[in-house]
Amino acid sequence: MGVREYVLATSAEEAASLAGEPGTVLMGGGTLLMPQATAGALGAERVVGLHAAGLDYVQRNGATASGAMSPLATLATLDELPALRSAARGVGGWALRNTATLGGNLHAAAPYGDLAPVLLALDATVRLVGTGGERTPAFADWLTEEGDRRPEVLAEVDVPPPRGLTARGLPLVDGRGH
């Protein structure tokens, strides 16, 4: 079975409605799916692209919200989240980091998924969009239920502001360790 149709979703809601149809797969950056599609081994006839779904962003307002289509290269610049920045920098070379996305990395099977341990340690949450609306489970809960629910699109990963002690062992007062 080869890919017969490519649909470019313009929202997470549209992608979620299409994802529930048989023979359909979602694609972000394509670093893992494109080689399968080229080899005729993808196992889907329709690919729903997420590039126009409005999920490529990083917003900071105390917490850091990153859209699922944010390239790893963008995450590799987040000075306020040094553990995530370091994990993102450790993925492949610059070309891969510019193509690979946060959502793709989190959906990838081992040995990929480099960002998951860091997001677990940071007590992240995820925003999921489905045909029945949105929900925001803890990242740890989402990982354990993966594959056991209705079609949903990972729209965003939220990391709360740092709390407790900084890496220098100083109490965190204003977000910069001062």
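The rules behind each value
- Residues numbered from 1 in each chain as written.
- Predicted model: local features only at pLDDT ≥ 70, side-chain atom pairs only at ≥ 80, totals over all residues.
- Heavy atoms only, no water.
- Helix = DSSP H or I, 4+ residues; strand = E, 2+ residues; numbered from the N terminus.
- Buried < 20%, exposed > 50% of the residue type's maximum accessible area, 1.4 Å probe, protein only.
- Lys, Arg positive; Asp, Glu negative; His and termini not counted.
- Salt bridge = Lys/Arg side-chain N within 4 Å of Asp/Glu carboxyl O.
- Contact = heavy atoms within 4.5 Å.
- Arc of directions from axis to C-beta.
- Pairing = 2+ DSSP bridges.
- Axes fitted to C-alpha atoms, helices over the stretch in contact; angles between N-to-C directions.
- Phe/Tyr/Trp six-rings, centres within 6.5 Å; stacked < 30°, edge-to-face > 60°.

S.K.: If you had to explain the side chain of Asp 158 to someone new, which residues and values would you point to?
M.R.: Looking at the secondary structure, you find Asp 158 in strand E8 (residues 152-159). One buried charged side chain, Asp 158, makes no salt bridge at all; its nearest oppositely charged neighbour is Arg 127, positioned 5.8 Å away. Each residue touching Asp 158, except ones within four places of it in the same chain, is listed here: Thr 64, Ala 65, Ala 124 and Thr 125.

S.K.: So what's going on with the environment of Val 47? Residues and values would help.
M.R.: Positionally, Val 47 belongs in strand E3 (residues 46-49). With 24 residues separating them along the chain, Val 47 and Gly 23 place their C-alpha atoms 8.6 Å apart. Sequence-distant contacts of Val 47, defined by excluding residues within four places in its chain, comprise Val 3, Glu 5, Tyr 6, Val 7, Val 25, Met 27 and Leu 42.

S.K.: Please give an account of helix H4 (residues 82-89) that cites residues and values.
M.R.: Listed in full, the buried residues belonging to H4 are Leu 84, Arg 85, Ala 87 and Ala 88. Relative to the axis of H4, the buried residues are bounded by an arc of 165° and lie together on one face. Residues of H4 that are buried make contact with helix H3 (72-75), helix H5 (94-99) and helix H7 (116-121).

S.K.: Provide a residue-level description of the sheet that holds E3, including the pertinent values.
M.R.: By way of backbone hydrogen bonds, the strands of a sheet pair with one another, either parallel or antiparallel. If you trace the three strands from one edge of the open sheet to the other, you get E1-E3-E2, paired in parallel fashion. Looking at which strands have only one partner, the edges of the open sheet turn out to be strand E1 (5-8) and strand E2 (24-27). The mean angle between the axes of side-by-side strands here comes to 25°, regardless of whether they run parallel or antiparallel. Direction of pairing for E2 relative to E3: parallel, over a ladder of four bridges. Bridge pairing in E3 links Met 27 to Gly 49.

S.K.: Tell me what's going on with the pattern of salt bridges, and back it up with residues and numbers.
M.R.: This model, assessed by the stated rule, comprises nine salt bridges. Across the salt bridge formed by Arg 46 and Glu 21, the nearest N and O atoms sit 2.4 Å from each other. Of this pair, Arg 46 sits in strand E3 while Glu 21 sits in the loop between helix H1 (12-19) and E2; the two residues are 25 residues apart in sequence, bridging distant segments of the chain. Judged by its relative accessible area of 16%, Arg 46 is buried. Connected via shared salt-bridge partners are Glu 5, Glu 21 and Arg 46.

S.K.: Give me the lowdown on the packing of aromatic side chains, citing residues and values where you can.
M.R.: Tallying each qualifying case throughout the model produces one aromatic pair. For the pair Phe 139 and Trp 142, a centre-to-centre distance of 5.9 Å together with 40° between the ring planes defines the contact as tilted. Here the residue Phe 139 and the residue Trp 142 both occupy positions in helix H8 (residues 139-145), the gap between them amounting to three residues, near one helical turn. Pair check on accessibility: Phe 139 and Trp 142 agree, each one buried.

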